[in-house]
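# Descriptive structure summary
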Amino acid sequence: MVVARLKFHLLPQMSNNQYGFMPQRSTEDSLYVLMKRIKSKLHQKKIITIISLDIEGAFDGAWWPAIRTRLADENCPVELRRVIDSYLTNRRVTVRYAGEQYSLDTTKGCVQGSIAGPILWNLLLDPLLKSYEQKGYYCQAFADDVVLVVDGDTALEIELRANAALSHAQEWGVKNKLRFAPHKTNAMVITRRLKYDTPRLCMGGTSIAMTKELKILGVTIDDKLTFNSHVSNVCRKAIAVHKQLSRAAKTEWGLHPEVIKIIYVATIEPIVLYAASVWAHAANKLGIQKQLAVVQRGVAQKICKAYRTVSLNSALILAGILPLDLRVREAALLYEAKRGEYLPDSVPDDREIERMAPAIEMPHPAEREELGVVRLVNLDDVNSNSEFDVRIFTDGSKIGGGVGASLSIWKGETETKAHRLALSKYCTVYQAELLALCKATREAKKYAEKSFGIYSDSMAALQTVQNHSCLHPLAVEARENLKAMSLQGKVATLHWIKAHAGLEGNERADELAKGAAVGSKRKPDYDHCPVSFVKRSIRMSTLDEWNRRYKSGETASITKLFFPDAVKAYRMTKKFTPTNLKTQLMTGHGGFSEYLNRFKCKESPSCICDSNIQETVPHILFECPAFGKERFEIEQNTKLDITAANLQNIMDSTEMENFLEFCLKIVKRVVERNKTR
């Protein structure tokens, strides 16, 4: 409760270059902005020096008198300062060891991991960041990880400016009883120039070590910005997870494919995709793609229960996972879209991505009124909760390629007013429901009546309005309208009602919303593009690129018989669980004579039907007379021609399950026969 009030007063005044423990900011934001600045200076042909500053025992060394002074400097309310002062008074550190106890009074330290620690540390560090801004330096921080960037035309210019900046940091540290560690501070020069001098940096008389790589917030940045070392590091971590996984996942026993896939999505992918927006361009290089393929191939083979000889193309199709380098590209584009710096081609240029409202502009915690949602399950509940001066029914609809919202306003048993609202075709029903609620609160503000009942059949939209931590712009506006109504002495109650339950007001709102979705030709009332639409557009682009690679690849010949199109396969493979036999069938890597002979496990590759014909998957399914009876029976049952030329039609038909069952029976017999020979 106290920290929420501290944040309300302090966060709007803090430097924009602090990214740690700040609302709506992350390590990726910090790294993205840093790399963007470096690239802009490289474009200007500057020499850039990055200095990673190290503060010894930062959180443990935060000096309390300095924190008290900073609270006063920022005009924090006296009552909050008194609470914090009490919090920092009479604190002791106690050590118990070997039956003895020793206590010591302490005057420093905001415990790392505590509730108040982050905001108090940011408050203490803020003057250093602001002073650098005033002096024309670029400095950013993530909590106690401070990075200083100095650029110039010559090494001498950088040397003078950087040493002055380091001297300033040390002076600030002495003033606040914090120590910078020069021996742990590293610097790196980045430039496109072929010939340049290396600046000599020092701090407190100690030389700063120059290096070719810096690890900042988990990303290894090298002086050529190749990110080769970073990719190698994350691939090594991901492979270590795969090695642990491989102990419990074999081709014929072990973890279920869905479990392996969940582990992959929840652990391995996040390791690789971390801060993808910073290094995504490196994934275009063939060498990086090969490293990522090594990580992914083993996991994909585990998911589909395949042998180690199965190609990456086949394994990815059957496992239903996308190539890692394309996932890196996806993550980077989605991040840029959320920042408003990328828009898919399917969205008009004059539109904007829907972005959350700024957290620092939210009202004071004490002014956030609790909003309840009354659940009305049946008609009796509705009748007992309808004694309002004005009742407003809202709804949203997506139909016929259009999106609409509506509200129906009632006084007593009569509808007095109705509104139709149109949204852009790429908007969602969720946005439509929120827009309707927002419009309802706007209209309620205009009325002279004192009591209002607002009814919606979307619990998700109602809970978004109810929850003050949800910063959707429409929900924020709705809450502001409800607060304004409260100040006018009006009472508004939110209700959830069951959809299509025969309620006159709800049915009328539903009719209006569908009419707005289908018949409206005017300018949309709301046209902000949802992130979900951007995500789908990026995914479609990824699938198209994957399909191009898959079709042009030289591997996965048997898999391509069953799934010639990667986009279709991505949808189809979600419907069935891969098994060892199914994977042998769709890859040709299994207990077939041709495959076993290739790896010296069997003397002859021939089939039992003819010594001159190799035993392969296409042969046993479509040609081998040994299985003619089974083939005839399935053709009679399905009315389909079981031939290689007709295979794609079979896979697209409703008889696919029956056909696969027929295939698996044949494969099982072949595999068992070859096991005994």
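Residues numbered from 1 in each chain as written. Predicted model: local features only at pLDDT ≥ 70, side-chain atom pairs only at ≥ 80, totals over all residues. Heavy atoms only, no water.

Judged by pairing direction, the sheet is mixed, and its five strands sit side by side in the order β4-β5-β1-β6-β9 without closing on themselves. In this open sheet, the two edge strands, each paired with only one partner strand, are β4 (138-142) and β9 (209-210). Where β4 meets strand β5 (residues 145-152), five bridges bridge the pair, whose relative direction is antiparallel. Residue Ala141 lies in a different strand from β5, and its bridge partner there is Val146. Lying over the sheet, helix α2 (residues 27-43) contacts β1 (47-53), β4, β5 and β6 (186-190), oriented at roughly 160° with respect to β4. Sheet strands touched by helix α5 (residues 117-135): β4 and β5. Its angle to β4, the strand with the most contacts, is close to 155°. (Pairing = 2+ DSSP bridges. Helix = DSSP H or I, 4+ residues; strand = E, 2+ residues; numbered from the N terminus. Contact = heavy atoms within 4.5 Å. Axes fitted to C-alpha atoms, helices over the stretch in contact; angles between N-to-C directions.)

Once that is clear, we can look at helix α16 (residues 473-487). Here α16 contains 15 residues, and its C-alpha end-to-end distance of 21 Å stays within 8% of the 21 Å for a straight helix at 1.5 Å per residue. Buried within α16 we find Leu474, Ala475, Val476, Ala478, Arg479, Asn481, Leu482 and Met485. Buried positions along α16 lie against α14 (429-446), β16 (451-456), α15 (459-466) and β17 (491-497). Just downstream of α16, Gly489 is the residue with a positive phi angle, here 85°. (Expected span 1.5 Å × (residues − 1). Buried < 20%, exposed > 50% of the residue type's maximum accessible area, 1.4 Å probe, protein only.)

Phe562, Phe563 and Phe659 are the most contacted members of the largest nonpolar core, which has 96 residues in total. Ranked by residue count, the leading element in this core is helix α26 (residues 656-675), at nine residues. Not counting residues within four places of it along the chain, the set of residues in contact with Phe659 comprises Phe562, Phe622, Ile634, Ile642, Leu647, Ile650 and Met651. Counting residues in each nonpolar core, the second largest holds 52 residues, with Ile55, Ile84, Trp121 and Ala143 among its members. (Core = buried A, V, L, I, M, F, W, Y, C linked by side-chain atoms within 4.5 Å.)

On to the environment of Met459. Of note, Met459 is situated in helix α15. Here Met459 falls in the buried class, since its relative accessible area comes to 18%. Each C-alpha atom, one on Met459 and one on Arg375, is 9.1 Å from the other, the two residues being 84 residues apart in sequence. With near-sequence residues (within four places) excluded, Met459 lies in contact with Val373, Arg375 and Trp496.

Right, let's talk about the pairing of β6 for a bit. For β6, the buried fraction is high: four of the five residues fall into the buried class. Bridge count between β1 and β6: five bridges; the pairing is antiparallel. Residue pairing across strands places Ser52 opposite Asn186, the latter belonging to β6. Pairing of β6 with β9 involves two bridges; the strand directions are parallel. Following the sheet pairing, Asn186 is matched in β9 by Ala209.

Spatially, six strands are ordered β12-β17-β16-β13-β14-β15 in an open sheet, and the strand pairing comes out mixed. This sheet does not close on itself; its edge strands, each paired only once, are β12 (373-376) and β15 (414-423). Neighbour-to-neighbour, the strand axes of the sheet open up by a mean angle of 25°, direction not taken into account. Alignment of β16 against β17, held across six bridges, turns out to be parallel. Across the sheet, the residue bridging to Tyr455 is His495, located in β17. The sheet strands contacting α15 are β12, β16 and β17, and the helix crosses β17 at an angle near 150°.

Our focus in this paragraph is the pattern of salt bridges. With the rule as written, the count across this model stands at 36 salt bridges. Here Arg549 makes a salt bridge to Glu545, at a shortest N to O gap of 3.3 Å. Placement of both Arg549 and Glu545 in helix α18 (residues 531-552) is noted, with a separation of four residues, approximately one turn of the helix. A relative accessible area of 25% means that Glu545 is categorised as partly exposed. Among the ionic contacts, a cluster of salt bridges with common partners joins Arg70, Asp73, Glu74, Asp126 and Lys130. (Salt bridge = Lys/Arg side-chain N within 4 Å of Asp/Glu carboxyl O.)

Interpretation of this model should avoid reading the predicted coordinates in detail wherever pLDDT is low. Across the chain, the average pLDDT comes to 93, with 100% of residues at or above 70. Within the chain, no element has a lower average pLDDT than helix α13 (residues 379-384), which sits at 88, and none a higher one than strand β11 (residues 219-222), at 97. (pLDDT = per-residue confidence, 0-100.)

Turning to empty space enclosed by the protein, a few remarks are in order. Enumeration over the complete set of coordinates arrives at one cavity of 30 Å³ or more. Empty space within the largest cavity amounts to approximately 30 Å³. Surrounding the largest cavity, Ser30, Gln140, Ala141, Phe142, Asp145, Val147, Ile216 and Leu217 form its lining. In terms of residues, the lining of the largest cavity owes the most to one element, β4, which gives three residues. (1 Å grid on protein atoms, 1.4 Å probe; cavity = no way out; pocket = protein on both sides within 12 Å on 5 of 7 lines; lining within 4 Å. Points joined across faces, edges and corners; volume = space filled by probe spheres on them.)

Moving on: the state of the cysteines. By the definition in use, this model includes zero disulfides. Here Cys609 is not disulfide-linked; the sulfur of Cys607 is the nearest cysteine sulfur, at 3.6 Å. Among the residues examined, Cys609 registers a relative accessible area of 29% and is labelled partly exposed. (Disulfide = S-S within 2.5 Å.)

Quick look at a nonpolar patch on the surface now. A contiguous nonpolar surface patch, about 340 Å² in accessible area, is contributed by Val93, Val95 and Tyr97. Counting through the fold element by element, Tyr97 comes out in strand β2 (residues 92-97). (Patch = residues over 30% accessible without salt bridge, like charges linked within 9 Å, V, L, I, M, F, W, Y side chains within 5 Å. Areas by Shrake-Rupley, 256 points an atom, 1.4 Å probe, with all protein chains shown as cover.)

The tally for this structure, following the rule as stated, stands at 13 aromatic pairs. Ring centres 6.4 Å apart and planes at 80° place the aromatic pair Phe393 and Trp410 in the edge-to-face group. Here Phe393, found in strand β13 (residues 390-399), pairs with Trp410, found in strand β14 (residues 402-411); they are 17 residues apart in sequence, far enough to count as distant. What makes Phe393 buried here is its relative accessible area of 3%. Given the relative accessible area of 6%, Trp410 is considered buried. Aromatic side chains Tyr426 and Phe533 sit 5.6 Å apart centroid to centroid with 40° between the ring planes, which places their arrangement in the tilted category. In this pair, Tyr426 is assigned in the loop between β15 and α14 and Phe533 in helix α18, connecting sequence segments 107 residues apart. (Phe/Tyr/Trp six-rings, centres within 6.5 Å; stacked < 30°, edge-to-face > 60°.)

Once that is clear, we can look at unusual backbone geometry. Note on backbone geometry: most residues besides glycine have negative phi, and most peptide bonds are trans. Located in the positive-phi region is Gln24, a residue other than glycine, with phi close to 60°. Its location among the elements puts Gln24 in the loop between α1 (2-10) and α2. Using a relative accessible area of 46% as the deciding quantity, one classes Gln24 as partly exposed. At Asn75, a position not held by glycine, the phi torsion is positive, near 55°.

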